[in-house]
Amino acid sequence: MRLYHFFRSSAAYRIRIALNLKGVEREQVPVDLLAGEQSLPGYREANPQGMVPALDIGHGAPLTQSLAILEYLEERFPEPPMLPRSAEERARVRAMAQIVVSDIHPLVTLRVMRQLSEQFQASQAAVDAWLRHWMHEGFTALEQMIGDDGHCFGGRTTLADVCLVPQVVSARHFGVPLDPFPRVCKVADLCGSLPAFAMAHPSRQPEAGHQ
Ligand SMILES: N[C@@H](CCC(=O)N[C@@H](CS)C(=O)NCC(=O)O)C(=O)O
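Conventions we followed
- Residues numbered from 1 in each chain as written.
- Predicted model: local features only at pLDDT ≥ 70, side-chain atom pairs only at ≥ 80, totals over all residues.
- Pairing = 2+ DSSP bridges.
- Helix = DSSP H or I, 4+ residues; strand = E, 2+ residues; numbered from the N terminus.
- Contact = placed C-beta atoms within 7 Å.
- Axes fitted to C-alpha atoms, helices over the stretch in contact; angles between N-to-C directions.
- Core = buried A, V, L, I, M, F, W, Y, C linked by C-beta atoms within 7 Å.
- Buried ≥ 20, exposed ≤ 12 C-beta atoms within 10 Å, placed from the backbone.
- Domains from an automatic or database assignment.
- Expected span 1.5 Å × (residues − 1).
- Bend = angle between axes of the 7 residues up to and from the residue.
- Parallel < 35°, antiparallel > 145°, perpendicular 65-115°, else oblique.
- Left-handed = near helix turned anticlockwise from the far one by under 90°.
- Nonpolar A, V, L, I, M, F, W, Y, C, P; charged D, E, K, R; others polar.
- Near = placed C-beta within 6 Å.

Note: strands within a sheet are paired through backbone hydrogen bonds, in either parallel or antiparallel orientation. Taking strand neighbours across the sheet as the criterion, the 4 strands line up as β2-β1-β3-β4 in an open arrangement whose pairing is mixed. Edge strands, defined here as strands with exactly one partner in the open sheet, are β2 (27-30) and β4 (63-64). For strand β1 (residues 2-5) and β2, the ladder comprises 4 bridges, and the chain directions are parallel. Looking across to β2, one finds that L3 is bridged to Q28. Each of β1 and β3 (54-56) touches helix α1 (residues 10-22); the most contacted strand, β1, lies at about 150° to it.

A separate point is the nonpolar core. Judged by nonpolar contacts, the single largest core of 56 residues is most densely connected at A18, V52, M96, L159, A160, L164 and V184. Taken together, the elements giving at least two residues each to this core come down to β1, α1, β3, α3 (66-76), α4 (87-104), α6 (124-145), α7 (159-173) and α8 (182-193). Both of domain 1 (2-80) and domain 2 (87-197) provide at least three residues apiece to this core.

The next point concerns α4. A turn of α-helix holds 3.6 residues, and therefore any two residues three or four places apart point the same way. Compared with the 26 Å implied by 1.5 Å per residue over 18 residues, the 24 Å span of α4 between its first and last C-alpha is a close match. Maximum bend of α4: about 35°, positioned at Q98. Taken together, the buried residues of α4 touch α3, α6 and α7.

Turning next to the packing of α4 against α7. Between two packed helices, the angle of one axis relative to the other and the distance separating the axes together describe the packing. Where α4 meets α7, the axes come as close as 7 Å, and the angle between the chain directions of the two elements is 30°. Considered as vectors, α4 and α7 are oriented roughly parallel to each other. Two packed elements cross with a definite hand, and for α4 against α7 that hand is left-handed. Contact with α4, carried on its side by V93, R94, M96, A97, V100, V101 and I104, involves L159, A160, C163, L164 and Q167 of α7 and no other residues of that element. Looking at the contact of α4 with α7 residue by residue, the class counts come to 10 nonpolar, 1 polar and 1 charged.

This paragraph deals with the domain arrangement of the protein. Bring the parts together and some accessible area is lost; that lost area is often taken as the interface size. Per the domain assignment, the segments of the protein are domain 1 (2-80) and domain 2 (87-197). If you look at the interface, domain 1 gives 12 residues, while domain 2 gives 14 residues. Looking at the side of domain 1 that touches domain 2, the elements with two or more residues in it are α1 and α3. For the side of domain 1 that touches domain 2, the class distribution of residues is 8 nonpolar, 3 polar and 1 charged.

This next bit is on the site of the ligand. Neighbouring residues of the ligand: 15 residues in total, closest S9, M51, S66, L110 and R111. Among the elements of the structure, α1, α3 and α5 (110-118) are those that each provide at least two residues to the shell around the ligand. A class-by-class count of the residues in the shell around the ligand yields 8 nonpolar, 6 polar and 1 charged. Domain assignment of the residues forming the shell around the ligand places at least three in each of domain 1 (2-80) and domain 2 (87-197).

Turning to the packing of α4 against α6, a few remarks are in order. The interhelical angle for the contact between α4 and α6, taken along N-to-C directions, is 170°, at an axis separation of 10 Å. By the angle between their directions, the pair α4 and α6 is classed as roughly antiparallel. Contacts between α4 and α6 involve M96, I99, V100, D103 and I104 from the first element and W134, M135, G138, A141, L142 and M145 from the second. For the contact of α4 with α6, the residue count by class is 9 nonpolar, 1 polar and 1 charged.

The next point concerns unusual backbone geometry. The bulk of non-glycine residues show a negative phi, and the bulk of peptide bonds are trans. P53 follows V52 through a cis peptide bond whose omega is 10°. With respect to the helices and strands, P53 occurs in the loop between α2 (41-46) and β3. Looking along the chain, the bond that leaves E79 and enters P80 is cis, with omega of -15°. Summarising the element assignment, P80 is placed in the loop between α3 and α4. Although it is not a glycine, Q65 sits at a positive phi angle of roughly 70°. Along the chain, Q65 turns up in the loop between β4 and α3. The phi dihedral of Q121 is positive, around 50°, even though this residue is not glycine. Relative to the helices and strands, Q121 resides in the loop between α5 and α6. Residue Q121 is classed as exposed on the basis of its 8 C-beta neighbours within 10 Å.

Okay, here's the thing in structure tokens:
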């Protein structure tokens, strides 16, 4: 498999974690988002949306959309599972994952920040406030939903942890205040220290030293 990623992309970080959890070997191909490589025609063949991640599975077009890729990995490599057994529990875990994937992350991506400043002349302070607002909204809901045992659900690693940890790492990178979210931080610290998560951290990617 070949993973197109950017070391600081939280969407790609989710896939690095899942591949590590499942013990899947892959080649990682960096796509420099700050240099605009995601928009080059060659890369759009891998991901027509011009985003990372994309996962080349050796046939057909590469898979895109991190949640679809995570579900694919779960189905293709069932052990260890990232989803609980019952339909109800799976729905609860997916709901938490989607707060991150669907409701926080799309509002705080690079292209949205750029659009705010370039098309709407938002100041850096305004863009920062926007980012803090949407992260705060999502983390407020998650703080209420997750347990206080260092995992989002059921005391074991799930898809929700795989999605939440990168978002907290991103929040810390951007200096978003996290004091109101002790449970969220506990998940980030406990899960983040597990080998599969730690090896996927942006600072552990080869490109990290060059940026
Ligand atoms: N919904 C997509 C979002 C992917 C996404 O937004 N990726 C970001 C990096 S975290 C990206 O490629 N951004 C490029 C840009 O904003 O120009 C997914 O989950 O895969």
